[in-house]
Each structure stands twice: as structure tokens, then as C-alpha cells.
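This is what each chain is made of:
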Amino acid sequence: MTTATPRDAAARDTDALLLLEAAFPGDRLSPRAIRRLLCSPSARVRVIADDAGAVRGALVLLFRRGARAARIYSLAVDPVARGRGLAQTLIVDAERAAAARGCDRVRLEVRVDNLPALALYARQGYARVQRLTGYYEDGADGYRLEKRIASP
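Thresholds applied
- Residues numbered from 1 in each chain as written.
- Predicted model: local features only at pLDDT ≥ 70, side-chain atom pairs only at ≥ 80, totals over all residues.
- Heavy atoms only, no water.
- Salt bridge = Lys/Arg side-chain N within 4 Å of Asp/Glu carboxyl O.
- Helix = DSSP H or I, 4+ residues; strand = E, 2+ residues; numbered from the N terminus.
- Buried < 20%, exposed > 50% of the residue type's maximum accessible area, 1.4 Å probe, protein only.
- Polar contact = N/O pair within 3.5 Å; in protein donor to acceptor, adjacent residues only side chain to side chain.
- Pairing = 2+ DSSP bridges.
- Right-handed = clockwise from strand over helix to strand, strands pointing away.
- Phe/Tyr/Trp six-rings, centres within 6.5 Å; stacked < 30°, edge-to-face > 60°.
- Lys NZ or Arg CZ within 6 Å of the ring centre and 35° of its normal.

## Examining the pattern of salt bridges
Argument step 1. Under the defined criterion, the tally for this structure stands at 17 salt bridges.
Argument step 2. Across the pair Asp 138 and Arg 111 runs a salt bridge whose closest N-O atoms are separated by 3.1 Å. With Asp 138 in the loop between strand 6 (127-132) and strand 7 (142-148) and Arg 111 in strand 5 (residues 105-111), the pair connects residues that are 27 residues apart, well separated along the chain.
Argument step 3. What you see here is one network of salt bridges that share partners, running through Arg 68, Asp 104, Arg 105, Arg 107, Glu 146 and Arg 148.

Encoded structure:
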């Protein structure tokens, strides 16, 4: 576990976000997409840094007007920082933000072959609700996961 607290990402974090994205194959966020998300009122980009201030994890949460579900669009943790509870901290932070915006559930998509991510989300209470055939850029299947949360 970690005691680090997530914070809102800023334009100065763009390079760090790109480095995190580069550690994962396929479907990466582009510099343009990151800049757009940082300015969007329907997106919440949060980062978590180590004691030296280096960004070690990030989560992008999307909201849609009138929707009761928020969507985790991207979650990335630096491979050297895994196992420290950063992903769990970012997920809990996202669920709180979703609840504060009146959402009653959080959804996301994950590759069927991403076993570590599937295990992480299962530990956090996410359930598979749909298989997504050919969902990813390379034709890989995905799962849609969902968790009910309590809105305030």
C-alpha cells in the first residue's frame, strides 16, 4: 500500500502521462488526446507521484451528461511502482469522484488477456457484464466490467 494521494493532472504532467502510456501495448493515448482530456469538463485526470514527485500512476475518468455511470477510460501504473497499491488508490479516488457527481456505478473495459488487471478489478468488486468481441485495435476481445457504488 501507499500513503501517496492522487492529485489532478496538469499540462506539466503530459510527458509523464505519455511515458506511462508507452509501457502498455496498443490503444495508447496520444499527446493530443491527453491535452484534450486535461481541459475537458467531462474528464477527470488524476495522477499519483512518488516522494520525489515523479508520476507513477494515472487514471482517466469520463463522465457523460445525464448518465448514472462513470467510465474508467485509462489506468496506468509505472511497472517499477507496481505492487504498492497505487492502482487501488486511484480506483478508490475515481469511485469517490463518480459518487460525488451523482453516479451510481463505474464501468470500464479491459482486454481478456490482461489477467493482472482483471484480478485487480475483481479484488475491487468489479464484475464482468459483457464480452466485447474484437474490441481492441489489434482485434483482441475485451470485457466490460462494472461496479455499483453508493452515490451521496
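Past the structure itself, the notes keep going.
## A word on the side chain of Glu 21
Argument step 1. Residue placement: Glu 21 occurs in helix 1 (residues 14-22).
Argument step 2. Owing to a relative accessible area of 9%, Glu 21 belongs among the buried residues under this scheme.
Argument step 3. At a separation of 3.0 Å, a polar atom in the side chain of Glu 21 contacts the side chain of Ser 74.

## Here we look at the pairing of strand 4 (residues 69-77)
If a strand is regular, its side chains alternate between the two faces of the sheet.
Argument step 1. With six bridges joining them, strand 3 (residues 55-62) and strand 4 adopt antiparallel strand pairing. Looking at strand 4, one finds that Leu 61 is bridged to Ile 72.
Argument step 2. Sheet topology note: the strand 4/strand 5 ladder contains four bridges and is parallel. Looking at the pairing, Arg 71 lines up with Arg 107 of strand 5.
Argument step 3. Handedness of the crossover joining strand 4 and strand 5 through helix 3 (residues 86-100) is recorded here as right-handed.

## Considerations on the packing of aromatic side chains
Argument step 1. Using the criterion set out here, one finds two aromatic pairs in the structure.
Argument step 2. Both rings, one in Tyr 121 and one in Tyr 126, keep their centres 5.5 Å apart while their planes meet at 75°; by these two values the pair is edge-to-face. One exposure class covers both Tyr 121 and Tyr 126, and it is buried.
Argument step 3. Each ring, one from Tyr 135 and one from Tyr 136, has its centre 5.0 Å from the other, and the planes form 85°; the classification is edge-to-face.
Argument step 4. Classification of Tyr 135 as partly exposed rests on a relative accessible area of 34%.
Argument step 5. Residue Tyr 136 is classed as buried on the basis of its relative accessible area, which comes to 13%.
Argument step 6. The aromatic ring of Phe 63 is capped on one face by Arg 101, whose charged end is 3.9 Å from the ring centroid.

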